[in-house]
Amino acid sequence: MKRGIYIILLMLVLQGQLYAQSGHAQPQALSLEEAVQFAMKHNKELQASELDIELRKKMITESISQGLPQVNASLDYSTNFGREMDFGGNASIKMEDRSSLGVSVSQLLFNGQWIVGLKTSKIAKAVSEQQVDINAQTIKENVYNTYYTILVTQRLVEILENNLANMSQIMEHTLNMYKAGTVEETDADQIRITVGQLKNNLLSMERTLDVNYNLMRIQLGLQAGTPLELTDSLDTFLGTDGLLALASKDFDINSNLDYQLTLTQEKLQEKMVALQKWAFAPSINASYSYQYLIKKGGFGSIPHTASVTMSIPVFSGLQRKALLDQEKITLEQTLINKSLLEDNLKLQEEQYKFDLKNALENYNLQKDNVAVAQKVLESYRNKYKVGTISSLDLTQANNNYLEAENNYTSACLTLLEAQTQLLKLFNELK
């Protein structure tokens, strides 16, 4: 009885797996905001960069440990194989085996390079954190743009499907008219070729859509083939009021992640200069050792030893000065790069705002063109049905409409990408 129940359960599990593998698994439904949040948790590139923070934490621990007490223990055993030490005449001493247990403790009392190096390692950790933030921002930008690309591609697929359905009806109507002898064969051929081109364009656009979905899966950290559904519509992101406000917004350079990173790198390089300056300063160490003789033999030894040592650098063949000069030059380069970045960011602000305004104007123009082209196409379809225009005229009107739709869709994507790059500059990709 139990065996039969086990077999039934196993069959149900296998059926569920086959059902999932056959493409009937519940799709991952994501809005744009949800897609960004999902990518922040599962993107593999971001996960790899976050390990740099953990690496820096371990390096800080390593730096701290150099200033903590260092304790070592030793166990020693020595033998002279019963050899005697002859002092002449009848005087001799037999060398006994010897065994001892030792403990030594050393402590760094003062070292300027260690103190500055500890601060430097903490700033280096901050640099790693900011690098992760920049990587996360780039991933957000990629998710934004891929999400938009999928939406506009889906729109083109829907347009081609509707257009293909309408032209297929016209082709059927044309064939019936040709059979009735009211139109010429060239009219039927012209419509048939147009329908064939539409089918090819539709297949190409569907493949492009699949490629974009695969790209989105990689950005989200999903496995290949995972069903994915985007819940936001294209119209959701095409409100012009917010775009106009964004194009006129003042730019706070201190909010830019790249600039924040440069400021931290400047602090880091200043610490590197200080680190090399402290190489000219003395350092102080203290040590203590204790040795317990487990087996005494030969001469005795002093069990307790303590010492304090001051190490004073005197001359190193100009090596320390050369290292200091190198760090000073690197600091100067960092300051120049910061100034250059400031100029580039201000230039980017002007360019991105210019791009956004141009994209918005072109979007409004192409939106009007679509409305006009659609009216013209509908008018030509009606005229063609009553025989007042040729199939060539209808085909040309249809091509003009598809071109207008393609231009409009391209304008939508350009507008959204221009918005995204400006948001990234302002560090407002939420």
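Just so it is clear, the structure is predicted and the values come from calculations on it, not from any experiment.

Student: Describe the overall build of the chain, with residues and values.
Tutor: Per the secondary structure count, the chain includes 9 helices and 8 strands. Sorting the 430 residues of the chain into buried and exposed places 35% on the buried side. Contacts spanning at least 24 positions in sequence make up 82% of the contacts within the chain whose residues lie at least 6 apart. Accessible area for the chain stands at about 26200 Å²; split by element, carbon and sulfur atoms hold 54% of it.

Student: Please give an account of the nonpolar core that cites residues and values.
Tutor: Of all hydrophobic cores here, the largest spans 75 residues; its most connected members are Tyr147, Leu220, Leu228, Leu238, Leu356, Tyr363 and Leu415. Put simply, the parts of the chain that give this core at least two residues each are helix H2 (32–42), helix H3 (44–65), helix H4 (112–179), helix H5 (185–220), strand E6 (228–230), helix H6 (240–247), helix H8 (319–385) and helix H9 (391–425). Considering each element in turn, this core owes the most residues, 17 residues, to H4. Counting 7 residues, the second-largest nonpolar core is a separate cluster that includes Ile123, Val127, Ile134 and Leu261.

Student: Account for the packing of aromatic side chains, with residues named and values stated.
Tutor: Inspection of the entire model under this criterion finds 6 aromatic pairs. Between the aromatic rings of tyrosine 144 and tyrosine 148, the centroid separation amounts to 6.1 Å while the plane-to-plane angle is 90 degrees, which identifies the pairing as edge-to-face. Linking tyrosine 144 with tyrosine 148, this pair stays in helix H4, spanning 4 residues, or about one helical turn. Here tyrosine 144 falls in the buried class, since its relative accessible area comes to 9%. Here the aromatic residues Tyr144, Tyr147, Tyr148 and Phe237 are joined through ring pairs into a cluster of three or more. Looking at arginine 320, its charged tip hangs above the ring of phenylalanine 280, at a distance of 5.8 Å from the centre.

What counts, and where the lines are drawn
- Residues numbered from 1 in each chain as written.
- Predicted model: local features only at pLDDT ≥ 70, side-chain atom pairs only at ≥ 80, totals over all residues.
- Heavy atoms only, no water.
- Helix = DSSP H or I, 4+ residues; strand = E, 2+ residues; numbered from the N terminus.
- Buried < 20%, exposed > 50% of the residue type's maximum accessible area, 1.4 Å probe, protein only.
- Contact = heavy atoms within 4.5 Å.
- Areas by Shrake-Rupley, 256 points an atom, 1.4 Å probe, with all protein chains shown as cover.
- Core = buried A, V, L, I, M, F, W, Y, C linked by side-chain atoms within 4.5 Å.
- Phe/Tyr/Trp six-rings, centres within 6.5 Å; stacked < 30°, edge-to-face > 60°.
- Lys NZ or Arg CZ within 6 Å of the ring centre and 35° of its normal.

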